Amino acid sequence: MVNERGDEQALTHLLRDRYEVIVDETLQSADCYVVDIAKLPTYSEALRDQKSSADPAFLPTLLIQRPSSSIDVDPFESGADGVALVDESIQAPVGKATLERRLDNLLTRRDQSLALQSEFQTVQTKFRRLFESIRDAIVVVNTDREIVNCNQAFTDLFDYQFSEIEGQPVHRIFETAREYQDLVAEFEGQVDDSGVVPAVSYETKSGAVFPGETRVSRLRDEFGAGQGYIAIIRDVSERLERQRELKRYEAAVEGSSDMLVALDREGAVVFANEQYRNLLGVSDDIAGTHLREILGEDIYETAETYLQQALDGESVAYDRVQPDRNGDPRTLSVHYYPLREGQTEEITGVFASIRDISEREKREQKLRKFKQAVDAAGHAVYMTDPDGDITYANAAFEDITGYSPTDAIGRNPRILKSGEMSEDYYEALWNTVTEGAIWEEEVRNKTKGGDTYHAHQTIAPVTDQDGDIEGYVAIQTDISEQKANAEEIRQLSEVRRISSEVNQLIARMGPREEVLPQILDSIASSDRFGCTFFAELDAGAVDFRCESGSELDRVAVGQFHTDRYVKAVTDAGVYHIKDVTTGPFQQHVEPGPPHEGYGIEVAHDEYTYGVLTVHFPPDEPASDEEIQLLTDLADDIGLYLHAKETEEERQTFAEIVQQIDDPIMLQGLDGKFEVINPAVVRHADLPKEELLGRDEFAFMEPADATEISRQKDRVLKHEAAMEYEMQVSLPETGERVFSTTRYPHYDLDGELDGTIAICRDVTDLKTREEHLRVIDRLLRHNLNNDMTVILGNAEQIRADPEADVSQLAERIIDTGTGLVELAKKERQIVEILSESKTPAKISLSRLVTQIRQRLNDQYPNGTVVVEGSLDSAIQAVPQIEQALCELLENGLKHHDDERPVVTVATERDGDHLSIHIKDQGPGIPKMERQIIEGDAERTALLHGSGLGLWLVKHIVTQSNGSLEFEENEPRGSVITVRVPLWRSQAP
């Protein structure tokens, strides 16, 4: 690559007799490049590409320099960009010999680099073959602990293609992150560059887990810098299993109830288990002791004959009497077997299996006594022969099964089979008892009348003196009632489980695309529920749907959520589908047995979010508890969807929470307040700053605070929402009843960090319920009495033509008028009880003026006199006007003067205002005074006429006030209404 045509031809002429010369405008592949200084910038990029692709082989460039050139060669020689473009330079003009010598030097270096590259590739190939030939799995990771290489054994063991895991973090192949972290920690603790971890749990691509012995070594370069790690993993599953098997064999021998002894050909003990040593009364190893020394001469003389037969290859058995460690004679059943070793099965000794059968006769006697005892037992007891045919049944057997002993004897217990137990059950039963073991399990049997019952059954073999089974004895206890109770408890537990799981899912407030399917999976996981569907509605149309427990796809689920079905559910709230396999709302594509289902509206705050549909198993109708659970879950889902809908407006929601009248609080794991709303501050009567960082003990009675602390602990322990109701005494609002739902609260990482409580003040609700019951009793009583009067007088008119009809009719009219007035009073009371009872600011002047105006219209001859100032504002419920009007009206109505006068006097008393209502009438009857003073029993109210005063007392109480009575001088009554002043006027 030269600049001038003449120079190009001259160079070609000099070199072509020794080299193949390529002259081209485009850079071609070659063994060496000769470049004119003037052409170097032009071909620099092409040269860089050629030399980079040849690396690590040397590809030389010879630069021809000219004195007249102004091009700086240093950047091309230094390789500032990582590739040196010029390897040697020569000044023009140059002779042929010099040029050839310089080129030969460069080409020699190239040949050497090619040879080294070939040798390196050969070594690399050999290393790779060795790498691949190793049977253990090998994996290489870089310093970032990413997989960069592995051998075939690794991919075979973990079932990955290398392309699947190349560049992946190495912890992916471990069963758990903890396994990986423990391995790293143990290796990092090694002083050397390598270490061995005996067993680590690894996980293959398919999810299979195996133990692996792991050797980890650091990889370093020639300067000692770390380049990564190499790990050799050996699957030790079989080795560990062999070790476990050997331990099981050892445990079986030592744990055997039989006495086991191994003897060599000379009769010396090779091994004896603990049972045999216990018989002899020795704790030390007796290996090497001769059997003659152990048994004594007389017993050994008999045993020696049988030992010799075993050494001759026979298996022999006999019984002998031998003293135990206490000198007591024991009858032993002895079996000798030849002990063989190796492939030749050479007999090297005798193996003895010895069983103490001294207790056999005692056991048989006990069994016979047992048979006599069970004749009068309350449990069903029956016995069979070895073939299983019944030979005996007691009276209780008939009570439970319906089969008399005469019916049962000679027949097989199969007569009790209900068809609900598997054949595997009976096979396991028979195998157990025929091997001499006791069977004890529950069974579901059928009586002679066809009814099924649950029984706890124990079956034991009965053996003769030789240990042979001569029959079986079975005891059955009817546990049907216990099972029914257990099933009820199980169902309740299942209800709580589902409720807890769903509440936990909802409490974590995950994405609805995850939470809703998980909620459905939780419901469908119960054997009490079948297919479960949820359709979310948007403007009445199905917007999102999911299912669990069915094989329907989203489209199919959407198809049966027709407008008609959705309307039926939302209209009913809870819609019962008698059979989901047929119309009008068929929800199964494939035919199946009839079964019912329920569609439940998922709503919150009168907004319908969707429809929850749950099917029930065939022949298992839904219980009230299950329907209630689904209704509650639908409510919870509605609440969850409502919360998710407003999640993006969290700040707005927080502001709304701060305005809610119900106390809401977030408390940490230590129970300290972290977030509270103004309702908490109001009830606690403490500044928010003083409450944060403290708990309920700051403002509650110790007993109340202790109970709330216990409820918090329950929520934290079970991580489930808890509901409870408590009556507490509060500084500002007095005795209040709260219905509280407390939820577990999780941080952004999903870790439990406290509880959140929503406290609903139900004091007014409970009070209203009590008041309505009182009104109901009063009305029923008065209506009954007055109707008796009306009917009695009407009957007298009909029966006695000479009766004073006018007088009787007047009684009927008076009584009827009283009933009408009572009905009006009752309606007023109900309206008052139904209205809001929140104390508010009320102007006393306006209040008294309105009352006086109303009474002046009703009682024009009466006068209401005001004493004292009316400038104050009181804090009371709006119905206080009705209460004061009732008291003033009573003073005017019951006054015996033609021009009655009632006085209203006001008096400030600290932060309260006392309103004294005085009259000169006949006074308040004793029973009605008891209502004011709080001493009247409920029965007295029912039979009295103090309904108005009862209502007055109720209104004053709701205003956080009090009502007092005293006699006026010289005549009449003084009723004092004491209510709080408006807060700004209180001292």
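Residues numbered from 1 in each chain as written. Predicted model: local features only at pLDDT ≥ 70, side-chain atom pairs only at ≥ 80, totals over all residues. Heavy atoms only, no water.

Asks: Looking at this structure, how should I read the overall build of the protein?
Replies: For the protein, the helix and strand inventory stands at 31 helices and 35 strands. Taken over C-alpha atoms, the radius of gyration comes to 50 Å for the protein, far larger than the 30 Å a tight globule of 987 residues would show. Its C-alpha atoms give the protein principal-axis dimensions of about 160 × 120 × 60 Å. Taken across its 987 residues, the protein has 41% of its residues classed as buried. (Helix = DSSP H or I, 4+ residues; strand = E, 2+ residues; numbered from the N terminus. Rg over C-alpha atoms; globule rule 2.2 N^0.38 Å. Buried < 20%, exposed > 50% of the residue type's maximum accessible area, 1.4 Å probe, protein only.)

Asks: It is not clear to me how the packing of aromatic side chains should be interpreted in this structure. Could you clarify?
Replies: Geometry of an aromatic ring pair is reported as the spacing of the ring centres plus the angle between the planes. With the rule as written, the count across this model stands at 20 aromatic pairs. Consider the rings of tryptophan 430 and tyrosine 472, whose centres lie 5.6 Å apart with planes at 55 degrees: the pair is tilted. Here tyrosine 472 lies in strand 18 (residues 469–478) and tryptophan 430 lies in helix 15 (residues 423–434), a separation of 42 residues in the sequence. Here tryptophan 430 falls in the partly exposed class, since its relative accessible area comes to 37%. Sitting over the ring of tyrosine 426, lysine 417 keeps its end group 4.7 Å from the ring centre. When the ring centre of tyrosine 746 is taken as reference, the NZ or CZ atom of arginine 508 above it lies at 4.7 Å. (Phe/Tyr/Trp six-rings, centres within 6.5 Å; stacked < 30°, edge-to-face > 60°. Lys NZ or Arg CZ within 6 Å of the ring centre and 35° of its normal.)

Asks: Just checking my understanding: could you explain the pairing of strand 7 (residues 209–220) for this structure?
Replies: Two faces make up the sheet, and in a regular strand the side chains alternate between them. Two strands pair when backbone bridges link them, and strand 6 (residues 194–203) and strand 7 are joined in this way by eight bridges, in the antiparallel orientation. Each residue of the ladder has a partner; that of valine 200, found in strand 7, is glycine 212. Count of turn residues in the strand 6/strand 7 antiparallel hairpin: five residues, of which glycine 207 carries a positive phi of about 95 degrees. Sheet topology note: the strand 7/strand 8 (residues 226–235) ladder contains nine bridges and is antiparallel. Residue pairing in the sheet places valine 216 in a bridge with alanine 231 of strand 8. Between strand 7 and strand 8, which pair antiparallel and follow one another directly, the connecting turn spans five residues, one of which, glycine 224, has a positive phi of 90 degrees. (Pairing = 2+ DSSP bridges.)

Asks: Would you mind going over the UniProt feature "domain: PAC" (unreviewed entry) in the protein with me for this structure?
Replies: According to UniProt, the "domain: PAC" (unreviewed entry) feature falls on residues 196–248, 314–369, 439–491 and 722–774. Secondary structure within residues 439–491 divides into 23% helix and 57% strand; the distance between the first and last C-alpha atoms comes to 29 Å. (UniProt positions renumbered as here; feature names shortened; annotations may be inferred.)

Asks: What's the story with helix 16 (residues 480–508) in this structure? I'm lost.
Replies: Turn by turn, an α-helix covers 3.6 residues, leaving residues three or four places apart pointing in a common direction. The terminal C-alpha atoms of helix 16 lie 41 Å apart, and with 29 residues this matches the ideal 42 Å at 1.5 Å per residue to within 8%. Looking only at helix 16, the buried set comprises Glu494, Val495, Ile498, Ser500, Val502, Asn503, Gln504, Leu505 and Ile506. Looking at the buried side of helix 16, the elements it contacts are helix 17 (512–524), helix 20 (624–645), helix 24 (702–718) and strand 27 (734–746). Of the residues flanking the end of helix 16, it is methionine 509, one or two places downstream, whose phi is positive at about 55 degrees. (Expected span 1.5 Å × (residues − 1). Contact = heavy atoms within 4.5 Å.)

Asks: Please clarify how the sheet that holds strand 16 (residues 439–446) should be interpreted in this entry.
Replies: Hydrogen bonding along the main chain pairs the strands of a sheet, whether they run parallel or antiparallel. With respect to topology, five strands assemble into an open sheet ordered 15-14-18-17-16, the strand pairing being antiparallel. Each having just a single partner strand, strand 15 (390–393) and strand 16 make up the two edges of the open sheet. The average angle at which neighbouring strand axes cross in this sheet is 30 degrees, direction not considered. As judged from the eight bridges shared by strand 16 and strand 17 (residues 452–463), these two strands associate in the antiparallel manner. Within the sheet, the bridge partner assigned to tryptophan 439 lies in strand 17 and is isoleucine 459. Sitting on the sheet, helix 15 is in contact with strand 16, strand 17 and strand 18, with an inclination near 140 degrees to strand 16. On the sheet, helix 16 packs against strand 16, strand 17 and strand 18 and is oriented at approximately 125 degrees with respect to strand 17. (Axes fitted to C-alpha atoms, helices over the stretch in contact; angles between N-to-C directions.)

Asks: So what exactly am I meant to see when it comes to the confidence of the model for the protein here?
Replies: Low-pLDDT portions of the prediction should not be read for the details of their coordinates. Per-residue confidence for the protein gives a mean pLDDT of 84; residues scoring 70 or more make up 90%. Residue range residues 936–944 is modelled with pLDDT below 50. Its contacts to residues more than four positions away, or to other chains, number 20 contacts. (pLDDT = per-residue confidence, 0-100.)

Asks: Looking at this structure, I do not really get the sheet that holds strand 1 (residues 33–36). What am I missing?
Replies: One open sheet accounts for three strands, arranged 1-2-3; its pairing is parallel. At either margin of the open sheet sits one strand with a lone partner, and together these are strand 1 and strand 3 (88–91). Each strand axis lies, on average, 25 degrees off the axis of its neighbour in the sheet, ignoring direction. Where strand 2 (residues 61–65) and strand 3 come together, four bridges link them in parallel fashion. Across the sheet, the residue bridging to leucine 62 is glutamate 88, located in strand 3.

Asks: Help me understand the pairing of strand 2 in this model?
Replies: Across the five residues that make up strand 2, a large majority, five, are buried. Inspection of the sheet shows strand 1 paired to strand 2 by four bridges, in the parallel sense. Across the sheet, tyrosine 33 pairs through a bridge with threonine 61, a residue of strand 2. For the handedness criterion, the β-α-β arrangement of strand 1, helix 2 (residues 40–54) and strand 2 is classed as right-handed. (Right-handed = clockwise from strand over helix to strand, strands pointing away.)

Asks: Can you help me understand the side chain of asparagine 503 in this one?
Replies: Structurally, asparagine 503 is set in helix 16. The exposure class of asparagine 503 is buried, given its relative accessible area of 10%. Among all residues touching asparagine 503, those that are not within four sequence positions of it are Asp636 and Ala721.

Asks: It is not clear to me how a nonpolar patch on the surface should be interpreted in this structure. Could you clarify?
Replies: Where nonpolar side chains cluster on the molecular surface, the patch consists of Leu783, Met787 and Leu791 and spans about 270 Å² of accessible area. Checked against the element boundaries, leucine 791 lands in helix 25 (residues 763–799). Taking relative accessible area as the criterion, leucine 791 reaches 55% and is therefore assigned exposed. (Patch = residues over 30% accessible without salt bridge, like charges linked within 9 Å, V, L, I, M, F, W, Y side chains within 5 Å. Areas by Shrake-Rupley, 256 points an atom, 1.4 Å probe, with all protein chains shown as cover. Salt bridge = Lys/Arg side-chain N within 4 Å of Asp/Glu carboxyl O.)

Asks: What am I meant to see in unusual backbone geometry here?
Replies: Both trends apply: most residues other than glycine have a negative phi, and most peptide bonds are in trans. Here the amide bond leading from alanine 92 into proline 93 is cis, since omega sits at 0 degrees, within 30 degrees of zero. With an omega dihedral of 5 degrees, the bond running from glutamate 969 to proline 970 counts as a cis peptide bond. Within the fold, proline 970 resides in the loop between strand 34 (962–967) and strand 35 (973–980). A positive phi angle, near 60 degrees, is found at arginine 145, a position not held by glycine. With respect to the secondary-structure elements, arginine 145 resides in the loop between strand 4 (137–141) and strand 5 (147–150). Residue classification places arginine 145 among the partly exposed residues on the basis of a relative accessible area of 29%. The phi angle at methionine 509 is positive, at roughly 55 degrees, despite the residue not being glycine. Take methionine 509: it is sitting in the loop between helix 16 and helix 17.

Asks: Help me understand the packing of helix 17 against helix 20, please; the structure alone is not making it clear to me.
Replies: Any two packed helices are characterised by the angle at which their axes cross and by the distance between the axes. Relative to each other, helix 17 and helix 20 sit at 175 degrees, their axes nearing to 12 Å. What the angle tells us is that helix 17 and helix 20 run roughly antiparallel. Contacts from Arg512, Val515, Leu516, Ile519 and Ile523 of helix 17 reach helix 20 at Leu630, Leu633, Ile637, Tyr640 and Leu641. When its residues are assigned to classes, the contact of helix 17 with helix 20 shows nine nonpolar, no polar and one charged. (Parallel < 35°, antiparallel > 145°, perpendicular 65-115°, else oblique. Nonpolar A, V, L, I, M, F, W, Y, C, P; charged D, E, K, R; others polar.)

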